[in-house]
2 protein chains.
Amino acid sequence: MIIALDAMGGDKAPDINVEGAILAVQQSDNDILLVGKQDIINKQLEKWSKSYTFPAERIKVVNASEVIEMGEHPANAARHKKDSSMAVCCKLVSSGQADAFVSMGNSGAAMATSLLYLKRIDGISRPAISTSFPTVSGRCIVVDVGANVDCKPENLLQFAIMGSVYCQNVLKIERPRVGILSIGEEESKGNELIFEASKLIKNTNLNFIGNIEGGDIPKAKADVVVCDGFVGNVFLKSSEGVAEMLVKLIKNAIANNPLYWGAVPFLKFAMKGVKRKIDYGEQGGAPLLGVNGPCLIGHGKSNAKAVKNAVSFAARYAKSNVAEKIAEEIKKI
Amino acid sequence: MIIALDAMGGDKAPDINVEGAILAVQQSDNDILLVGKQDIINKQLEKWSKSYTFPAERIKVVNASEVIEMGEHPANAARHKKDSSMAVCCKLVSSGQADAFVSMGNSGAAMATSLLYLKRIDGISRPAISTSFPTVSGRCIVVDVGANVDCKPENLLQFAIMGSVYCQNVLKIERPRVGILSIGEEESKGNELIFEASKLIKNTNLNFIGNIEGGDIPKAKADVVVCDGFVGNVFLKSSEGVAEMLVKLIKNAIANNPLYWGAVPFLKFAMKGVKRKIDYGEQGGAPLLGVNGPCLIGHGKSNAKAVKNAVSFAARYAKSNVAEKIAEEIKKI
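The structure presented is a predicted model; accordingly, all values stated were derived computationally and were not measured.

### Digging into the sheet that holds strand β3 (residues 59-63) of chain A
All names here are of chain A.
Moving on, step 1. Across the sheet, 11 strands lie side by side as β3-β2-β1-β4-β11-β10-β5-β6-β9-β7-β8; this open sheet has mixed pairing. The strands lining the two open edges of the sheet, one partner per strand, are β3 and β8 (207-213). Going across the sheet, the axis of each strand differs from the next one's by a mean of 30°, ignoring polarity.
Moving on, step 2. Relative to strand β9 (residues 224-226), strand β7 (residues 177-182) is paired through three bridges, and the arrangement is parallel. Looking at the pairing, I180 lines up with V226 of β9.

Shown next, in the form of structure tokens:
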């Protein structure tokens, strides 16, 4: 697979993207198109080639004269910066020169740019960002986690269909349990959006299990959970924050009491495994569901390893043909 | 202080409430009015008196012929069950026979009942449930965590004022930093509700620090965080769920590898301290801000210790006169 990687996206761009591309070609058979300001990228490649041995011919640099910054207004940036690294990546995917687009940059802009150049799937009114959240026994797909902040019931219905298709084809769960994120398990709990969206989802052939509480996602009570992008984003970031806090509190509790120091060597290893399980960087990016072409959006705080993982995941995601399968399902409604 | 305790509220009622009342009179100087079905409560008291020695004269049973169940429609239940244990508790507070009302029952119904009998503070359009969330360095007041699922900007403004007064008088923080829960730190991030509410809060003399992400609450970046009750509830429950999952994952990682078993005795103590810090039961209940009279709503899953803690906290909360101080602040706007 050939992955178009936005070299200019993310808090630590272009460094981590160039290093991530090197790790990707070292450790997988995917080829990389590094897209962005040619001069800067070439200098970076030269710098990193001192620390790494890698098949340099499998990384090609594609110039893009503009950069969309992290704080820019997504829609405006996408519309006006026609030669941004994101725009060039999308054009490479739509022309078939690349199989997937990966960016660690401004996620709103990555979405707006994908929409502009890859276009939405026929029948999808709003694409959505999905994330695969860790649970006690596996993963749960949460859609949307930030693309759409003011949703209508029909949007949530489409998120349910897209999430289910994604779950079937990437997580290989035949009949995913689809829940709707609400504030109580009972059908009477929720807000207007939840009540209306539930009615719509019930009328499909999805395996709809009704309301799911935030606390039940880590308990693996559903395989797919749909929500408004505002709520999903709060869910995602709070969860990360709480996990970080807890690890810190445990570390502090141990550091502050010499009686516990005996636990340190054991705990270090145990925590490493747990951290790997809950680390967003392990998948590297979240697929943007609903556009014609594989597009992965990563965390602005990503490191090179996360970029490498995103490239691998993008290849796997591209192979699964989720976009085509979503198009088929949407036609049925 | 005299606390009116809803004996019939919660998943494990009346057992845990009666046991909690006994622990409360054993361990504090607060008196309890145990409100609910007299016969059942008396039998419970008899049962528990075999396991506990306590000043029985400091628990009085007050009869209430009706019970509001956990799954009942809050507003309907409050309106129709005029002799529910919740209604009787509120009447005891409004008549001055009790200083505060505590319930582990149907939280929507506890709120609706309080509104009906204690009435809202003049100028407050919607009371809100506040919770004190653990952070790496202390506590953060989050308002609303479930009372109001479809909010208007003015509601969030009032939550900010109420949360700030509460934080000043109970957490003793002189000039609390007030944030609004959103999906990015930048002012441009959020939804319509956030944009409009932010404008309103900016125009007050509150120490408004703008957008706060879910992940920044545990990092102690704000003392008060306001949000729609739907979002706040998702935040709260997700955080609890993630914390539980993490503890489970750590325990599993250790249990599955004999090499880590050496850590168990140390870890047990360290985790106990951490658990106490993040346990909702430590405060026992969340104040309902905006009604004329102290009202505390606890978790349906509460145990006796949580009930005991709720009673202590209710006494402390009643002494702080938050309701009167909120009324003063609202008048200024």
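### Structural notes on the side chain of N106(A)
All names here are of chain A.
Moving on, step 1. Within the secondary structure, N106 is located in the loop between β4 (100-103) and α5 (107-118).
Moving on, step 2. For N106, a relative accessible area of 4% gives the class buried.
Moving on, step 3. Excluding anything up to four places from it in sequence, N106 contacts I68, E69, M70, G71, E72, P74 and M86.

### A few points about the relation of the copies chain B and chain A
The operation linking the two copies of the chain is a rotation about an axis combined with a translation along the axis.
Moving on, step 1. The transform that puts chain B on chain A rotates by 180° and translates by 0.0 Å along the axis, for an RMSD of 0.0 Å. In short, the pair behaves as if placed about a two-fold rotation axis.
Moving on, step 2. The overlap is high: 100% of the interface residues of chain B also sit at the interface in chain A, so the same surface is used on both sides.

### Some details on the interface of chain B and chain A
Moving on, step 1. Between chain B and chain A, the residue contacts involve 51 residues of the former and 51 residues of the latter.
Moving on, step 2. Between chain B and chain A the total buried area reaches about 4,600 Å² when both faces are included, carbon and sulfur atoms providing 78% of it.
Moving on, step 3. The interface formed by chain B and chain A contains four salt bridges.
Moving on, step 4. Across the pair K237(A) and E213(B) runs a salt bridge, and its minimum N-O distance is 2.3 Å.
Moving on, step 5. Run the count over chain B and chain A and you get eight residue pairs in polar contact (both at pLDDT 80 or more).
Moving on, step 6. At the level of secondary structure, the elements contributing two or more residues to the side of chain B that touches chain A comprise β5 (128-134), β7 (177-182), α7 (192-202), α8 (229-255) and α9 (264-278) of chain B.
Moving on, step 7. Among the elements that make up the side of chain B that touches chain A, the one with the highest residue count is α8(B) (20 residues).

### Description of the pattern of salt bridges
Moving on, step 1. If you walk through the whole model with that rule in mind, you get 26 salt bridges over all chains.
Moving on, step 2. Residue K219(B) pairs with E244(A) through a salt bridge whose shortest N-O separation is 3.5 Å. Here K219(B), found in the loop between β8 (207-213) and β9 (224-226), pairs with E244(A), found in helix α8 (residues 229-255), and the two come from separate chains.
Moving on, step 3. Note on K219(B): relative accessible area 35%, which makes it partly exposed.
Moving on, step 4. Overall, the relative accessible area of 45% leaves E244(A) in the partly exposed class.
Moving on, step 5. When the shortest N-O distance is used, the salt bridge between D216(B) and K219(B) registers 3.9 Å.
Moving on, step 6. Through salt bridges with shared partners, a single ionic network connects E185(A), D216(A), K219(A), K221(A) and E244(B).

Criteria and cut-off values
- Residues numbered from 1 in each chain as written.
- Chains lettered and ligands numbered in written order.
- Predicted model: local features only at pLDDT ≥ 70, side-chain atom pairs only at ≥ 80, totals over all residues.
- Heavy atoms only, no water.
- Pairing = 2+ DSSP bridges.
- Helix = DSSP H or I, 4+ residues; strand = E, 2+ residues; numbered from the N terminus.
- Axes fitted to C-alpha atoms, helices over the stretch in contact; angles between N-to-C directions.
- Buried < 20%, exposed > 50% of the residue type's maximum accessible area, 1.4 Å probe, protein only.
- Contact = heavy atoms within 4.5 Å.
- Least-squares fit on C-alpha atoms with pLDDT ≥ 70 in both.
- Buried area = accessible area lost by both parts, 1.4 Å probe.
- Salt bridge = Lys/Arg side-chain N within 4 Å of Asp/Glu carboxyl O.
- Polar contact = N/O pair within 3.5 Å; in protein donor to acceptor, adjacent residues only side chain to side chain.

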